[in-house]
Amino acid sequence: IFTFFPIIRWLHRCFIYWTWENTWQEFIRGSNQAIKKERAIRESTSRYLQKSHRDIPLIPDYPLGCRRILLSDGYFSTLRENNVTLLSDTIKTVEVDGVTTYGGSYVKADCIILATGFKANDFLPGIEIKGKGKEDLKMVWKRSNGAEAYLGMTVPGFPNFFMIYGPNTNLGHNSIIFMIECQINYILSAWQLLTKSQTGSIEVKLSAFQSYKNVLFKELERTAWAGKCDSWYKTATNKIVNNWSSHTVKYWWMTRRIKKREYRF
């Protein structure tokens, strides 16, 4: 059907996009959609726990979306097995034949699997980027307590440097591919602008960068990611460095064309 009727394929794609885009309100703390969604999930989880007749600490005390949302609840049935115990306490020490938690529990173990994730806050791992005066990008980000970039792509003091899927361009509600496509179009526009200027470099102005940051972090404060929880979206000091602060339509609007006045040649 998609082959012979491309319009149906396009409509199907639009349906998927707007269905997910509409869930953005669920990530804004205090919004009607967020309250309704969280209430519904808490009620369904409570009913499940009552049905299982087991004391399983599954209901979080932080906003929905503060941590990465799992799109599957298939693991619930595993937690109901008699030979499975879920401990949410933190491990204090690893002993010869088990682990001790800060709550005083001792768990015997033949094998320990460390599912510790990845360094999501470490942008451009293994790559050394030097800007004006041989300034190191990693050191710049360290001084600012986490990675920052204008529209997640470029940094003042680092001419001709653009990146894809940089700081604050991750999503919790829609497709990252859409964000990357926006970035590619923007970077190509920057390249064309540089070519037309007949100069050797293009660099975002500090003033444009600061204005962008002020709005970005103000918007992030209202989101679920700013809730009281640890997540890979944030640094150890709770600065959100991974996620975009709004819906994808806004990002598309901001990156649909490059503004020459925001750059120095």
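Residues numbered from 1 in each chain as written. Predicted model: local features only at pLDDT ≥ 70, side-chain atom pairs only at ≥ 80, totals over all residues. Heavy atoms only, no water.

Peer 1: What am I meant to see in the nonpolar core here?
Peer 2: Nonpolar side chains in soluble globular proteins tend to end up buried together. Grouped together as the largest cluster of nonpolar side chains are 31 residues, with contacts concentrated most on Y150, Y186 and Y263. Of all the secondary-structure elements, those providing two or more residues to this core are α5 (176-197) and α6 (206-220). The biggest single contributor to this core is α5, with eight residues. Setting aside anything within four residues of it in sequence, one finds Y263 in contact with Y150, T154, F162, Y186, I202, E203, V204, K205 and I258. Judged by nonpolar contacts, the second largest core, of 13 residues, contains V140, A149, F158 and F161. (Core = buried A, V, L, I, M, F, W, Y, C linked by side-chain atoms within 4.5 Å. Buried < 20%, exposed > 50% of the residue type's maximum accessible area, 1.4 Å probe, protein only. Helix = DSSP H or I, 4+ residues; strand = E, 2+ residues; numbered from the N terminus. Contact = heavy atoms within 4.5 Å.)

Peer 1: Sorry if this is basic, but what is going on with the layout of surface pockets here?
Peer 2: Any empty space left between the atoms is revealed when a probe the size of a water molecule rolls over them. Of the volumes computed, that of the largest pocket is approximately 1,500 Å³. For the largest pocket, the lining is made up of 42 residues, of which L64, R68, I69, L70 and Y75 are closest to its centre. Per-element accounting of the lining of the largest pocket gives the leading share, seven residues, to helix α2 (residues 32-52). Taken together, the residues of the lining of the largest pocket sort by class into 23 nonpolar, eleven polar and eight charged. In this structure, the second largest pocket occupies an estimated 550 Å³ of space. As for the second largest pocket, its lining consists of 17 residues, of which T85, L86, L87, I91 and V107 are closest to the centre. (1 Å grid on protein atoms, 1.4 Å probe; cavity = no way out; pocket = protein on both sides within 12 Å on 5 of 7 lines; lining within 4 Å. Points joined across faces, edges and corners; volume = space filled by probe spheres on them. Nonpolar A, V, L, I, M, F, W, Y, C, P; charged D, E, K, R; others polar.)

Peer 1: How should the pattern of salt bridges be read in this particular structure?
Peer 2: Oppositely charged side chains can pair when the atoms bearing their charge come close. Applying the stated rule across the entire model yields six salt bridges. Salt-bridge contacts for K138 lead to D122; the nearest nitrogen and oxygen are separated by 3.0 Å. In this pair, K138 sits in helix α4 (residues 137-143) while D122 sits in the loop between β3 (106-108) and α4, placing the two residues 16 residues apart along the sequence. Relative accessible area serves as the criterion here: at 34%, D122 is assigned to the partly exposed category. R143 serves as the salt-bridge partner of E135, at 3.2 Å between the closest nitrogen and oxygen. (Salt bridge = Lys/Arg side-chain N within 4 Å of Asp/Glu carboxyl O.)

Peer 1: Sorry if this is basic, but what is going on with the sheet that holds β3 here?
Peer 2: Spatially, β1-β2-β3 is the arrangement adopted by the three strands of the open sheet, whose pairing is antiparallel. Where the open sheet ends on each side, the last strands, each with one partner, are β1 (91-94) and β3. Geometrically, the sheet is characterised by an average inter-axis angle of 25 degrees between neighbouring strands, direction not taken into account. Examined bridge by bridge, β1 and strand β2 (residues 98-101) share three bridges and lie antiparallel to one another. Residue T93 lies in a different strand from β2, and its bridge partner there is T100. (Pairing = 2+ DSSP bridges. Axes fitted to C-alpha atoms, helices over the stretch in contact; angles between N-to-C directions.)

Peer 1: I would appreciate a short explanation of the state of the cysteines in the present structure.
Peer 2: The bond known as a disulfide is covalent and runs between the sulfur atoms of two cysteines. If you walk through the whole model with that rule in mind, you get one disulfide. Through a disulfide, C66 is tied to C229; the S-S separation comes to 1.9 Å. A torsion of -105 degrees about the S-S bond marks the disulfide between C66 and C229 as left-handed. Of the two residues, C66 sits in the loop between α2 and α3 (76-79) while C229 sits in the loop between α6 and α7 (248-255), which places them 163 residues apart along the sequence. (Disulfide = S-S within 2.5 Å.)

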